[in-house]
Amino acid sequence: MDAGAGIERARAVLWLVVAALAVRQVTAILRLPPSRRLTDLETWTGADGVLHLGGPLYATGKFTGTPFAGLVLKPLTRSAEQSLGVAWTFGSLLLVVILGMVASRALPGGASRRTSLLAAPVAISLLMLSLPVRNAFHLGQTSIIPVLLVLLGCFTVRDERGSGLLIGLGAALQPTVLLFVPLLWLTGRRRAALTAAASFAVCTGLAWAVMARDSWTYWIHHVAGAGLGSHPDGLANQSMHGALLRFGLHGPLEIVVFLVLAVVVSVLALRRAVRYANDGQLLLAVAVTGCAAVAVSPTAWQHQLLWVLLAVVGRVGRRAADRMVWPVVVVLVSTLPGTMLLPNMAALYPVRDNVVLLTALAAACAVPFMERTAQGWNAAVPTVYATPVPARWSRVPLVPFWRRVLARPNLLLELLAIRVGYSVYSHIRAAATGGRPTAEAHGRTVVSIEKALHINIEHWANHSVAKVHWLESFFNFYYESFHFVVPLAILAVLYVRRPSDYRWARTSLSFATLLGLVGFYFFPLAPPRLMPGLGFIDSVHGVQDLAHPDYGAMTAMTNQYAAMPSLHFGWALWCGITVAVLVPKRWMKAVALLHPLFTVSAIIATANHWVLDAIGGATVVALGFGLTYLLAGPRSLQVPAEAADGGTAGGAKADTKAGISDKADLGSKSDEAGEAGEADKAEVKGGRGARGPAGEGPVRGSGAGRTRPVPAPSPETGGRPEAEPEAAGAG
């Protein structure tokens, strides 16, 4: 397929995603009753939908905007509440689209054609998914407008006076936008800086003249809005002021510490922003300054944190394995709550509760964003372990970007993916209850099917084990102890010792888990221990009163009816298959398969699952491995017979059963391989030195008895085949 046609198809798919997100966002807001939508909008509109400026704006403490913002809203006095809600929702949606378009066109020069074409729909999608935009939609806030005004002033309006006017208006709506005035001055746009300061002064002065009482309340009594809205020490306030209050500082000491930190952060951020602006990365400079504005603001509520998402444009890390860490962190922080990013551990509470602030501070002061002249700006340096497998399904939009990448992934990125994936899994599992009557009805169906198949052994196994105390204790212990430990241990060993096999194993486990969630959602099922009248013994959680069930402290955290398929057995089977495939000795393979055997015995003996649940778990694991093979190709790359016979690979002995990736990973000598010498060593160690016809790269097998040439490495792609860029990997 032509590359240009593929990009156009991908672009069309992304715009469809944008349309779907827009429809969902508008529908989610307008379907709510008027009393539950645009709740902050209702703080300055009465029951009749009329804006009341006769009374104080801040009488209730819910309106958190500037007096100038209240003055601007005065033309809405004749709008009815219903029409105002519809107009506000669609108007906010239009602002988000414009914001995404402006940001996508502000990318620094040198971006590829693919990036340029796909940037706009990707930017708009990320904005719609971000918590600040969703929060602003729901509350009816104006926080999108200052960000848009700054971007328009920096990138769209060419006249400096017009640019300064827009930024000054943004500062009048959100005072910390004034931090852009010194940025304009230090980057040589002094007329724009003066105009912005003057515009802010005029707008604020006008508000003082019209609403002196409200202006006094906002600027003097509450010091630029501090204390308005929710409590400033609440988790919603992601500013340094809020963090210091949460850490226990109060009074004059807290104010002094906050002011000192604010000056330090502002100076560091502006120095960095000026450097990036002079480097041609003005959008990154704007994002860095905006992140500093978030940190130094007295209050930075969720709807005001859009600046953090803009920092996604910064490039960090020379290696391909590290390049995606920063954008993924920014997107996750901007779209998910902190409870989904970090475990519920007391030691992590300070990080979890301030994760957005910490990300903003990192962007403003610490993250070493690359300059355009740095090595690896255009193409990341690959971490070479073995040659990537070409993408499959090349005619389907977006799917061609899935490639079998054989390098070790970044550890932080993997930990984030595992944590977020498990959080999503837990939320969906807990939400897919289906109700007790439905789950018990499905349980009776399962019993009938098992009787017809003569596999209804659960009752016999449960009561037989209960008669042998040590065996019952063993199965109880096994059921409770190894479900998470063994899979995580296997993934950790593979990550360290065999990176390419780690990707294969992790992807197959992820697919199996996703398929398991489908079963939980559409087929809620009561396990044997929760089926009334069947006489099962709940050996793990104790005797249950099924009329008023109390499922115990451990199971209170999860959905009791997420039983089909049994991922308890499915994950254990994945462990056994993975280890059995990778270890060389037969006795090791046999020991590995004991884990799923003990697990299936435990889940049945403890009355936590039916036999059909175990069969379902085996099915999703098989499908997980199958989908991985379908998308990413075979696990191991077979060594050609020529190399095995000691051809031109320097007489290297090759094991036709062991993949190239297996041997290349031993010792992990190419972990730092960005240099040609290390890459050559990795190739020899992996048995990939055999050459094809003249002018072609190494010959690589794609199955038993089959070989095909690989395109010769191109110097423009860092020594990798041009058609197989590692950075595009998603495997």
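Residues numbered from 1 in each chain as written. Predicted model: local features only at pLDDT ≥ 70, side-chain atom pairs only at ≥ 80, totals over all residues. Heavy atoms only, no water.

A. Seen up close, the overall build of the protein. Across its full length, the protein carries 32 helices and four strands. Buried residues in the protein amount to 52% of all 731 residues. When contacts within the protein are restricted to residue pairs at least 6 apart in sequence, long-range pairs at least 24 apart make up 74% of them. Surface accessibility of the protein: about 33200 Å² in total, with carbon and sulfur atoms responsible for 66%. (Helix = DSSP H or I, 4+ residues; strand = E, 2+ residues; numbered from the N terminus. Buried < 20%, exposed > 50% of the residue type's maximum accessible area, 1.4 Å probe, protein only. Contact = heavy atoms within 4.5 Å. Areas by Shrake-Rupley, 256 points an atom, 1.4 Å probe, with all protein chains shown as cover.)

B. Broad picture of the nonpolar core. In terms of nonpolar packing, the biggest core is built from 98 residues, with Met240, Trp307 and Phe369 touching the most fellow members. Element by element, the count of residues in this core is highest for helix α13 (residues 282-296), at twelve residues. If you look at the next biggest cluster of nonpolar residues, it comprises 36 residues, including Tyr502, Ala614, Val620 and Val621. (Core = buried A, V, L, I, M, F, W, Y, C linked by side-chain atoms within 4.5 Å.)

C. A look at the packing of helix α12 (residues 251-278) against helix α19 (residues 355-366). Running from amino to carboxyl end, α12 crosses α19 at an angle of 60°, the nearest separation of the two axes being 7 Å. Considered as vectors, α12 and α19 are oriented oblique to each other. Where α12 approaches α19, its residues Val265, Leu268, Ala269 and Arg272 are matched on the opposing element by Leu361, Ala362, Ala363, Ala364, Cys365 and Ala366. Class assignment of the residues belonging to the contact of α12 with α19 gives a composition of nine nonpolar, no polar and one charged. (Axes fitted to C-alpha atoms, helices over the stretch in contact; angles between N-to-C directions. Parallel < 35°, antiparallel > 145°, perpendicular 65-115°, else oblique. Nonpolar A, V, L, I, M, F, W, Y, C, P; charged D, E, K, R; others polar.)

D. Summary view of the pattern of salt bridges. Scanning the model with the defined rule gives six salt bridges in all. The closest approach of N and O atoms between arginine 506 and glutamate 414, which form a salt bridge, is 3.0 Å. Pair noted here: arginine 506 is in helix α25 (residues 499-522) and glutamate 414 is in helix α20 (residues 411-431), with a separation of 92 residues, a long-range link. When sorted by exposure, arginine 506 lands in the same class as glutamate 414, which is buried. As a salt-bridge pair, aspartate 501 and arginine 498 come within 3.3 Å of each other at their nearest N and O atoms. Here aspartate 501 matches arginine 498 in class, with each residue buried. (Salt bridge = Lys/Arg side-chain N within 4 Å of Asp/Glu carboxyl O.)

E. A look at the packing of aromatic side chains. Per the stated rule, a full pass over the model turns up 20 aromatic pairs. Taking the centre distance of 5.4 Å and the plane angle of 85° together, the rings of tyrosine 495 and tyrosine 502 count as edge-to-face. Overall, the relative accessible area of 13% leaves tyrosine 495 in the buried class. Following the ring pairs from residue to residue traces out a cluster consisting of Phe474, Phe475, Phe477, Tyr478, Phe482 and Phe598. The lysine or arginine in question, arginine 275, covers the ring of tyrosine 276, its NZ or CZ lying 5.0 Å from the ring centre. Note that arginine 315 overlies the ring of tryptophan 377, its terminal NZ or CZ placed 4.1 Å from the centroid. (Phe/Tyr/Trp six-rings, centres within 6.5 Å; stacked < 30°, edge-to-face > 60°. Lys NZ or Arg CZ within 6 Å of the ring centre and 35° of its normal.)

F. Up close: helix α5 (residues 131-139). Burial analysis of α5 places seven of its nine residues in the buried class, which makes it a mostly covered element. Residues of α5 that are buried: Leu131, Pro132, Val133, Asn135, Ala136, Phe137 and Leu139. Directly beyond the C-terminal end of α5, a positive phi value near 80° is found at glycine 140.

G. Fine view of the side chain of serine 125. Of note, serine 125 is situated in helix α4 (residues 113-129). Other than its neighbours up to four places away in sequence, serine 125 contacts Leu14, Val17, Val18 and Leu21.

H. Molecular detail of a nonpolar patch on the surface. The grouping of Val424, Ile428, Val518, Tyr521 and Phe522 at the surface amounts to a nonpolar patch, some 490 Å² of accessible area in total. Listed by contribution, the elements that provide at least two residues to the nonpolar patch are α20 and α25. You can see valine 518 is positioned in helix α25. (Patch = residues over 30% accessible without salt bridge, like charges linked within 9 Å, V, L, I, M, F, W, Y side chains within 5 Å.)

I. Geometry of the packing of helix α24 (residues 485-497) against helix α27 (residues 567-582). In contact at an axis separation of 9 Å, α24 and α27 are set at 30° when each is read in the N-to-C sense. Taken as axis vectors, α24 and α27 run roughly parallel relative to one another. Viewed along their axes, α24 and α27 form a crossing whose handedness is left-handed. Facing α24, whose interface residues are Val486, Pro487, Ile490, Leu491 and Leu494, α27 presents Trp571, Trp574, Cys575, Thr578, Val579 and Leu582. A class-by-class count of the residues in the contact of α24 with α27 yields ten nonpolar, one polar and no charged. (Left-handed = near helix turned anticlockwise from the far one by under 90°.)

J. Local environment of the state of the cysteines. For the structure on display, the rule yields zero disulfides. Between cysteine 365, a free cysteine, and cysteine 291, which holds the nearest cysteine sulfur, the sulfur-to-sulfur gap is 9.6 Å. Since its relative accessible area comes to 24%, cysteine 365 is described here as partly exposed. (Disulfide = S-S within 2.5 Å.)

K. Spotlight on the environment of phenylalanine 482. Looking at the secondary structure, you find phenylalanine 482 in the loop between α23 (469-481) and α24. As for phenylalanine 482 and threonine 599, which are separated by 117 residues in sequence, their C-alpha atoms are 8.7 Å apart. With near-sequence residues (within four places) excluded, phenylalanine 482 lies in contact with Phe477, Pro487 and His595.

L. Quick peek at helix α28 (residues 586-605). Compared with the 28 Å implied by 1.5 Å per residue over 20 residues, the 29 Å span of α28 between its first and last C-alpha is a close match. Taken as a whole, α28 has its buried residues at Ala592, His595, Pro596, Thr599, Val600, Ala602, Ile603, Ile604 and Ala605. The inward-facing, buried residues of α28 abut α22 (458-466), α23, α24, α27 and α29 (611-632). Backbone geometry just downstream of α28 places alanine 607 in the positive-phi region, at approximately 65°. (Expected span 1.5 Å × (residues − 1).)

M. Representation of unusual backbone geometry in the model. Residue methionine 564 is joined to proline 565 through a cis peptide bond whose omega torsion reads 0°. In this structure, proline 565 sits in the loop between α26 (552-555) and α27. In this structure, histidine 454 is a non-glycine residue whose phi angle is positive, near 60°. Relative to the assigned elements, histidine 454 resides in the loop between α21 (436-453) and α22. Phi is positive for alanine 607, close to 65°, though the residue is something other than glycine.

N. Structural context of the environment of leucine 152. With respect to the helices, strands and loops of the structure, leucine 152 is situated in helix α6 (residues 144-156). In this view, leucine 152 contacts Val102, Val157 and Leu166; residues no more than four positions away in its chain are not counted.

O. The side chain of threonine 359, seen in detail. As for its position among the elements, threonine 359 is in helix α19. On the accessibility criterion, threonine 359 (7% relative accessible area) is buried. Once you skip the residues sitting within four places of it in the chain, threonine 359 turns out to touch Val308, Trp326, Val330 and Val333.

P. Spatial organisation of the confidence of the model for the protein. The predicted model of the protein has a mean per-residue pLDDT of 78, with 74% of residues at 70 or higher. Highest mean pLDDT in the protein belongs to helix α8 (residues 180-186) (96); lowest belongs to strand β1 (residues 699-703) (36). Confidence drops under a pLDDT of 50 for residues 47-54, and excluding neighbours within four residues, the segment shows 25 contacts in the predicted structure. Predicted confidence is poor over residues 77-82, with pLDDT under 50, and the contacts of this stretch with residues over four places away or in other chains come to 16 contacts. (pLDDT = per-residue confidence, 0-100.)

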